[in-house]
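Chain residues, written in single-letter form:
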Amino acid sequence: MAQNGFLEQKPGFATIAIHAGQEPEKWKSGAVVPPIVTATTFKQPAPAEPIEFEYGRSGNPTRNTLEECLAALEDGKHGFAFASGLGAATTIYSLLSAGDHVVCCDDVYGGINRLFRNVVQRMGIEISFADFTNLEKVEKVFQANTKMVWMETPTNPMMKVIDIGAISKLAKKRSSDIIVVVDNTFLTPYLQKPLNFGTDIVVYSLTKYMNGHSDAIMGAAIVRDDKLAERLRFLQNAMGAVPSPMDCYLVNRSLKTLALRMEQHKKSSLIVANWLKKHPQVLSVMHPGLPEHPQHELARRQMSGHSGVFSFVMAGGLKESRKFLMSLQIFILAESLGGYESLAELPSLMTHASVPAEQRAELGITDSLIRLSIGLEDPEDLINDLEHAFKATFSK
Ligand code: P1T
């Protein structure tokens, strides 16, 4: 169902989330809910002749169940689960070798920025950052040795929307070997399917909306190409950043309500964003669902709506932002996003503190930029909470 002119949500998503990979017939017991298989190793009838599984790092029945469901939701073919979003990113980076070059969008989660600058570069891989909303700027940073393009859209925390199809085309025009990666954490496959726009790998922090209950740290990668899948399967096992069966069970369960949760996050975040933009102490609201967002038209062509996470700039400086955040009573002052509970944070001192100050200034990550993750509470209560915090901050 299309909403506000956004891309139509094809029917069938919730059915896939509930049934793909979950067939009761695959368990001897006929269990309707997939069992949590905690065994780290599996009996082999003859040496090196496993029945299906051999060792828990290379494969586990609970993990495979989740991976199948993830691949189906994404219109993909192969899913890989990891111990965290950064674990997934680290494994994807290991597809590269010293001497290779990566083109990355300038506004990414602070932890990804830190991984690129402080770890990946040390391994002899070059990185160039560019504003991916400007195709000319992106084209200029490509090099003969560029092997990967990495983007988040919408970006974290500035909420810039990137044209996935245009960037993928640009990369593939230079070489079909360039691997295009999209971090789809902010939207989930319910609201955006990057593989349908020419992306090779979709990466997730499953810790966020996909799990949605703020009780498991996990990541994932989804691909269509069999050869790329083989390389990732090798690295998943060889590097070992795999999740526990218990966490796989939790995320697999959470996917059953993903469609319902995302619908509510989508509705509530627009209600709160529309309220904030009229508030006298708010200078600007960055929400791709608002018509005044600079890439709103692109968002409507590429997304089936926007999730619950967005940012805004408030009046004052650090003193006011601190007072505001500490006055909230329903919103919890904490990093992360995508859970049922609403969160508020200050990217400059929290999630993006590891981004060099110069890059933060260039992007607009100031001490007045607040990022919200709108949860599943009643939106009227969230608005009242924000109003109360503004009053506590600004009334004499
Ligand atoms: O925390 P982890 O599961 O390792 O995922 C890292 C990660 C990757 N990609 C994006 C877009 C993310 O937002 C994150 C984690 N982000 C936060 C903790 C945050 O508050 O933004």
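What you see is a predicted model; the values in this text were computed from it and never measured.

Glancing now at the site of the ligand. If you check the shell around the ligand, you find 17 residues, and the closest are D183, S205, T207, S336 and R371. In the environment of the ligand, an oxygen atom lies 3.0 Å from a nitrogen or oxygen atom belonging to the backbone of L86. Here an oxygen atom of the ligand and a side-chain polar atom of N156 are 3.1 Å apart. Protein chains bury 93% of the 480 Å² of accessible surface belonging to the ligand in isolation. Across the shell around the ligand, the residue classes break down as four nonpolar, eight polar and five charged. Here the shell around the ligand spans two domains, since at least three of its residues come from each of domain 1 (13-255) and domain 2 (258-394).

Here we come to the sheet that holds strand β4 (residues 146-152). Pairing is mixed in the open sheet, where seven strands are placed in the order β1-β7-β6-β5-β4-β2-β3. Edge positions in the sheet fall to β1 (78-82) and β3 (126-130), since each has one partner strand and no second. On average, each strand axis in the sheet is tilted by 20° relative to the strand beside it, whichever way the strands run. As defined by bridge partners, β4 adjoins strand β5 (residues 179-183) across five bridges and the pair is classed as parallel. In the sheet register, E152 faces β5, and the bridge partner there is D183. Sheet contacts for helix α3 (residues 85-93): β1, β2 (101-105), β4, β5, β6 (201-205) and β7 (219-223); angle to β6, the most-contacted strand, approximately 150°.

With that out of the way, let us pick up the pairing of β6. Taken across its five residues, β6 has five buried, putting it largely inside the fold. With burial as the criterion, each face of β6 is covered, one bearing I201, V203 and S205 and the other bearing V202 and Y204. Here β5 runs beside β6; their pairing, made up of three bridges, is parallel. The residue of β6 that forms the bridge with V182 is V202. Note: β6 against β7, five bridges, orientation antiparallel.

Right, let's get into the domain arrangement of the protein. We note that the domain assignment places domain 1 (13-255) and domain 2 (258-394) within the protein. Each of domain 1 and domain 2 was reduced to a C-alpha centroid, and the two centroids are 26 Å apart. The interface is formed by 41 residues belonging to domain 1 together with 43 residues belonging to domain 2. In this assembly, domain 1 packs against domain 2 so that about 3400 Å² is buried in total across both faces, 61% of it on carbon and sulfur atoms. When residues of domain 1 are sorted by the area they lose upon contact with domain 2, M158, L191 and Y209 head the list and together hold 22% of the total. Between domain 1 and domain 2 we count zero salt bridges in total.

Rules used throughout
Residues numbered from 1 in each chain as written. Predicted model: local features only at pLDDT ≥ 70, side-chain atom pairs only at ≥ 80, totals over all residues. Heavy atoms only, no water. Near = heavy atom within 4 Å. Polar contact = N/O pair within 3.5 Å; in protein donor to acceptor, adjacent residues only side chain to side chain. Areas by Shrake-Rupley, 256 points an atom, 1.4 Å probe, with all protein chains shown as cover. Nonpolar A, V, L, I, M, F, W, Y, C, P; charged D, E, K, R; others polar. Domains from an automatic or database assignment. Pairing = 2+ DSSP bridges. Helix = DSSP H or I, 4+ residues; strand = E, 2+ residues; numbered from the N terminus. Axes fitted to C-alpha atoms, helices over the stretch in contact; angles between N-to-C directions. Contact = heavy atoms within 4.5 Å. Buried < 20%, exposed > 50% of the residue type's maximum accessible area, 1.4 Å probe, protein only. Buried area = accessible area lost by both parts, 1.4 Å probe. Salt bridge = Lys/Arg side-chain N within 4 Å of Asp/Glu carboxyl O.

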